[in-house]
Structure formats: structure tokens, C-alpha cells
Amino acid sequence: ADSFGYEDVVRILLSCYEKGAVAKPSVELLLRELRARGTKMGVATLSPTAVAHVCLSKTGLIDYFDFILGGEDYPEGKSSPRIFLDAAKKFGCAPTEMHLFEDSFYSIKTARELGIPVVGVADESKQKEREEIMENAIAFFEDGFSRRIK
């Protein structure tokens, strides 16, 4: 029997994103505004770096970001603070001096423990976490609009 592993998943994801990827509504407008203000931006994802790079390239967003931290380097996931601490190092700041845009509650919980201000991001696949995300975020980004909640 053939085994199906991590490399197979990456290959399938790359194939899907190569055919097309779609950004969340108004995300490019937000990124353009942040870049115009001189904001440094990075991606800290549990997806493999290659997958993130293809996805961001296909959506035309890659050039907004200064770096990508990919999941292959963080097997412990975002329940560990290491990925966020590494992002702060890349930015050259303390964790409390950066903001995190995040759609997953466990990641938000870890970031908040470090004192990172978090903007919650709506995601259809995370509806069960929506209230917890909103309770732990300083703002919530949904359908291209942000609303201040704290």
C-alpha cells in the first residue's frame, strides 16, 4: 500500500492554488493602505512556505509582504509563541509593538498571552470560534470592513 504523506498534501495544495486563489474581499485595499503608511507586513502561517508563496502570488498580494514564516519550520503550531516571537524579530520590534490579523482562536489566545494586539478576521470555516475571537480581539475584519469592538 502506498503511503500518503505531508509532501503529497503540499503537492495537491500547490496544484489547487496554481489554478487560482481568491483573496478575501477588500484585503488588497487594506494592504495597499497599510503599505502606503509604511507599515511592515509579514505572513506567519502554518501552511508550507511554498503554498503560501503560490497563494499570495496568484492573488497578487505577495509584494505587500516583507517575509513569510511557513509551517514547516513550526511543527508545534501557533499554540506555541515561537512563530510570533520570530515575526517580532523579523520586524525588529517587541511583540507588543506589532498587530496580528488572525482567524483562529487558539492562535489569538497565544498572541494575547504575549501582549500582541489582535484583529480578528472572519472565516466561514471558523464560525464556532467567532464569539471567542471577537471577545479577544481589538477589532474584527469581515467582508472588507473592520469594526472596532474594544
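Structure: above.
Residues numbered from 1 in each chain as written. Predicted model: local features only at pLDDT ≥ 70, side-chain atom pairs only at ≥ 80, totals over all residues. Heavy atoms only, no water.

1. Overview of the pairing of strand β4 (residues 118-121)
1) Next: Residue alternation in β4 divides its side chains into two sets, Val118 and Gly120 and Val119 and Val121, and both sets are buried.
2) Next: Sheet topology places β4 next to strand β5 (residues 139-142); three bridges connect them, and they run parallel. Bridged to Val121 within β5 is Phe141.
3) Next: With respect to chirality, the unit in which β4 leads through helix α6 (residues 130-135) into the neighbouring parallel β5 is right-handed. (Buried < 20%, exposed > 50% of the residue type's maximum accessible area, 1.4 Å probe, protein only. Helix = DSSP H or I, 4+ residues; strand = E, 2+ residues; numbered from the N terminus. Pairing = 2+ DSSP bridges. Right-handed = clockwise from strand over helix to strand, strands pointing away.)

2. A closer look at the nonpolar core
1) Next: One finds Leu69, Phe84, Met98, Leu100 and Ile116 to be the most contacted residues of the largest nonpolar core, which totals 19 residues.
2) Next: Listing elements by their share of this core, those giving two or more residues are β2 (67-69), α4 (82-91), α5 (105-113) and α6.
3) Next: In contact with Ile116, not counting residues within four places along its chain, are Phe84, Pro95, Met98, His99, Leu100 and Ala111.
4) Next: Listed in part, the twelve residues of the second largest apolar core include Leu31, Leu34, Val43 and Ile62. (Core = buried A, V, L, I, M, F, W, Y, C linked by side-chain atoms within 4.5 Å. Contact = heavy atoms within 4.5 Å.)

3. Here we look at the pattern of salt bridges
When the charged atoms of two side chains with opposite charge come close together, those side chains can pair.
1) Next: Taken as a whole and judged by the stated rule, the model has five salt bridges.
2) Next: Its salt-bridge partner being Arg35, residue Asp66 comes within 3.7 Å of it at the nearest N-O pair. Of this pair, Asp66 sits in the loop between α3 (49-58) and β2 while Arg35 is found in helix α2 (residues 27-36), placing the two residues 31 residues apart along the sequence.
3) Next: The class for Asp66 is partly exposed, based on a relative accessible area of 45%.
4) Next: The residue Glu102 makes a salt bridge to Lys78 at a minimum N-O spacing of 3.1 Å. You can see Glu102 sitting in strand β3 (residues 100-102) and its partner Lys78 sitting in the loop between β2 and α4, a full 24 residues away along the chain. Each of the two residues, Glu102 as well as Lys78, counts as buried. (Salt bridge = Lys/Arg side-chain N within 4 Å of Asp/Glu carboxyl O.)

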